[in-house]
Amino acid sequence: METRTLLALESTGPISGVALIQGGALLGAIRLQHGLNLSGSLLHATSWLLQRSQLTLPQVDAFAVDLGPGSFTGLKIGVMLAKTWAHVLEKPLVGVSAFEACAALAPAGISLLVALPARRDALYLQFMPKVAQAESSPPAMVRQAHLSDWIEHTLGEARITHQLLVIGTAQAHEWLQPLLPDALFQRIETPDPVGVAWAGWQRFQAGEMVHPFSLTPLYIQPPSITPPKPSRG
Amino acid sequence: MRLILGIETSCDETSAAVVEGRRVRSSIVASQADLHARWGGVVPEAAARQHVERLNPVLQQALDEAGVSLREIEGIAVTNRPGLVGALVVGIAAAKALAFALNLPFVGVHHLEGHLYSAFLTDPDAPIPFPHLCLIVSGGHTELVLAKGHGDYQLLGQTLDDAAGEAFDKVARLLGLGYPGGPAIDRLARTGDPSAFRFPRAWLEGSHHFSFSGLKTAVLREVERLRNEGTLSEATIADLCASFQQAIIDVLVAKAVRAAQEWQVSVLTVVGGVAANAALQSQMREAADKACLQLLIPPPHYCTDNAAMIACAGYYRLLAGERADFDLDAHANAPLAK
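So, here's what we can say about the structure. Numbering of residues starts from 1 in every chain and runs along the sequence as written. Chains and ligands are labelled sequentially in the order written, the chains with letters from A and the ligands with numbers from 1. A pLDDT threshold of at least 70 governs which residues receive local features in this predicted model, and a stricter bar of 80 or more applies before side-chain atom pairs are shown or counted, although totals over entire chains, interfaces and linings include all residues. Computation of side-chain values: all heavy atoms of the structure, hydrogens and water removed.

**Thoughts on the nonpolar core**
As a rule of thumb, soluble globular proteins bury nonpolar side chains together.
Part 1: Judged by nonpolar contacts, the single largest core of 67 residues is most densely connected at Leu-57, Phe-63 and Trp-85 of chain A together with Ile-7, Ile-76 and Leu-98 of chain B.
Part 2: Helix and strand assignments come from DSSP, with helices taken as H or I runs of at least 4 residues and strands as E runs of at least 2, each series counted from the N terminus. When residues in this core are grouped by element, the largest group, 13 residues, is from helix α3 (residues 85-102) of chain B.
Part 3: Any two residues having at least one pair of non-hydrogen atoms within 4.5 Å are treated as being in contact. Setting aside residues up to four positions removed in sequence, Ile-76 of chain B forms contacts with Ile-4, Leu-5, Ile-7, Ala-95, Leu-98, Ala-99, Leu-104, Pro-105, Phe-106, Val-107 and Leu-318 of chain B.
Part 4: The next biggest cluster of nonpolar side chains, apart from the first, holds 53 residues, and it includes Val-171, Ala-242, Leu-280 and Ala-287 of chain B. Residues belong to one nonpolar core when they are buried, are Ala, Val, Leu, Ile, Met, Phe, Trp, Tyr or Cys, and are joined through side-chain atoms within 4.5 Å. Three labels apply to residues, based on accessible area from a 1.4 Å probe with only protein chains included: buried if under 20% of the type maximum, exposed if over 50%, partly exposed otherwise in between.

In structure tokens:
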């Protein structure tokens, strides 16, 4: 009987969270608006969840983390916590994208378009068709003005001939509904830690682990290079 | 409390170190200078991303070189202020994760307090004399601090505008010398005439404060004049570097020695990246000798940002019973002392 545990961290948006899976069953999850101290909030939540589950961190068998895209600072904090735990406790680590985390909680047998907030004028998008042999589109950041072109090019006939579920924030809903009038919409604020846990658990079961030294967030956007700061030292 | 793991990610150096009190067992610094050179200065988001990639391997290397396992570490010290917030949070997250996983005490350390302790890393057996005067000169800070005891500091003076290192970087950029500017100006100044150009010195009489923006503007005007005349040769650039550098050194040396005399201390330390400047070191030594002051300047690898100095400062805080909790946060600006 499978009894291994996996701890998952979600920190890509304004609501962060922790989830714990044991043997393929959800032991518990915490979602919280973290305010300014994200790492502190995640650690308090992790500590509480482990205590309630009568576990200690070294007893966790694997760690999963949402790699993004999302808040740059949130990504870095979540990834650093997960990779440092995996590193020092010598435990397996899996990374899942924010798109995968959303898809993990979606109904089966339907094509998905996951739309997450990027900048004020753009969305992070990934299309996951449920057609045999079809691959997911590469994750992309698309400006509002280019959404129509991206949808036509990426979704093709799927936008009208297949059942399509759009998972996204209120802004994504507002921008995409006129372009996809036949699609179903599911509103979310941020990816759910339970989705990170399920997607992570499947990766863990499949042996798709990553070395903590090589795990990096999925930023999609390059760093803003202005203005430069003087060196310290 | 013996073995402390230090973490420093406040700007563009990813660093981890293991110290045993003041004895450095390992000090690893992964510099990002090459990355940021293309932009002429530190790009905060790029620096933070590099920390995420490099910190865990750097931590492992620090442990390996120290010949210790994580199980032997007894406390963790991490820079939590001041600095680039996006960069600081990476080190803080790693420190909290380590402390949680291994059930270890940890503390947040002020970056400048770390620099202050860097003067005492070279000879771990020599006592740390209190009170002593510390001149902190780096890219982000120029401060005169009276250290009265461990964790007990009084700010005597600070720059009212640009830090000394900031002035070095800006003048180097103006002259097309690349980034970081300090080493390039130090090198060129050796072949230049420090009296070729008479640049202003802001003495700010009656205070221990500093000001370098007027000097920077004077260099800018001189460079513009020379460019317009078509006389900005390599030799002239060397003279400009030497004259600019001398103007900074004159002020730093005179003010540091004067403050040490005024506060009747016998030990003066000079720390921070600018303390690695060869001309500053020799002229400060000469002035300190004349004033019968003991001068301590760390070797160059402890002048620039490093985690050994953070671990050392953290060691004394942990020894005094200080403990941080999960709510420890990053702060872009925070005074070392009032």
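**Notes on the state of the cysteines**
Residues and elements named next belong to chain B.
Part 1: Throughout, a disulfide means two cysteine sulfur atoms within 2.5 Å of one another. A complete count under the given rule lists zero disulfides over all chains for this structure.
Part 2: Not engaged in a disulfide, the cysteine Cys-134 finds its nearest cysteine sulfur in Cys-303; these two sulfurs lie 11 Å apart.
Part 3: On the basis of relative accessible area, Cys-134 is assigned to the buried category, the value being 0%.
Part 4: Judged by relative accessible area, Cys-303 falls into the buried class, the value being 0%.

**Some thoughts on the pairing of strand β9 (residues 164-168) of chain A**
Walk down a regular strand and you will see the side chains alternate between the two sheet faces.
Residue and element names in this part refer to chain A.
Part 1: Summarising burial for β9: five of the five residues are buried, a large majority.
Part 2: Residues Leu-164, Val-166 and Gly-168 of β9 are buried on one face, and the alternating residues Leu-165 and Ile-167, pointing to the opposite face, are buried as well.
Part 3: Only strands that DSSP links by at least two bridges are regarded as paired with each other. For strand β6 (residues 111-117) and β9, the ladder comprises five bridges, and the chain directions are parallel. Bridge assignment links Leu-113 to a residue of β9, and that residue is Val-166.
Part 4: Where β9 and strand β10 (residues 184-187) come together, four bridges link them in parallel fashion. Bridging from a neighbouring strand, Gly-168 pairs with Arg-187 of β10.
Part 5: When the strands point away from the viewer and the connection leading from the first strand across the helix to the second strand turns clockwise, the crossover is called right-handed. Read from β9 through helix α6 (residues 170-176) to β10, the crossover connection turns out right-handed.

**Quick notes on the interface of chain B and chain A**
Part 1: With 52 residues of chain B at the interface, the matching set in chain A holds 40 residues.
Part 2: Note: buried area is the sum, over both parts, of the accessible area (probe 1.4 Å) each one loses when the two are combined. In total, about 3700 Å² of surface goes out of reach between chain B and chain A, with carbon and sulfur atoms giving 65% of it.
Part 3: On the chain B side of the contact with chain A, Arg-49, Asn-56 and Phe-100 of chain B bury the most area, a combined 19% of that side's loss.
Part 4: Every case where a carboxyl oxygen of Asp or Glu lies within 4 Å of a side-chain nitrogen of Lys or Arg is listed as a salt bridge. Linking chain B with chain A are one salt bridge.
Part 5: The salt bridge involving Glu-45 of chain B is made with Lys-76 of chain A; its shortest N-O contact spans 2.8 Å.
Part 6: Two N or O atoms count as a polar contact when they lie within 3.5 Å, although within protein this holds only if one can serve as hydrogen donor and the other as acceptor, and sequence-adjacent residues are included solely when both atoms are side-chain atoms. Here chain B is connected to chain A by 12 residue pairs in polar contact (both at pLDDT 80 or more).
Part 7: Of all the secondary structure elements, the ones that give two or more residues to the side of chain B that touches chain A are α2 (44-66), α3, α4 (111-118) and α5 (164-174) of chain B.

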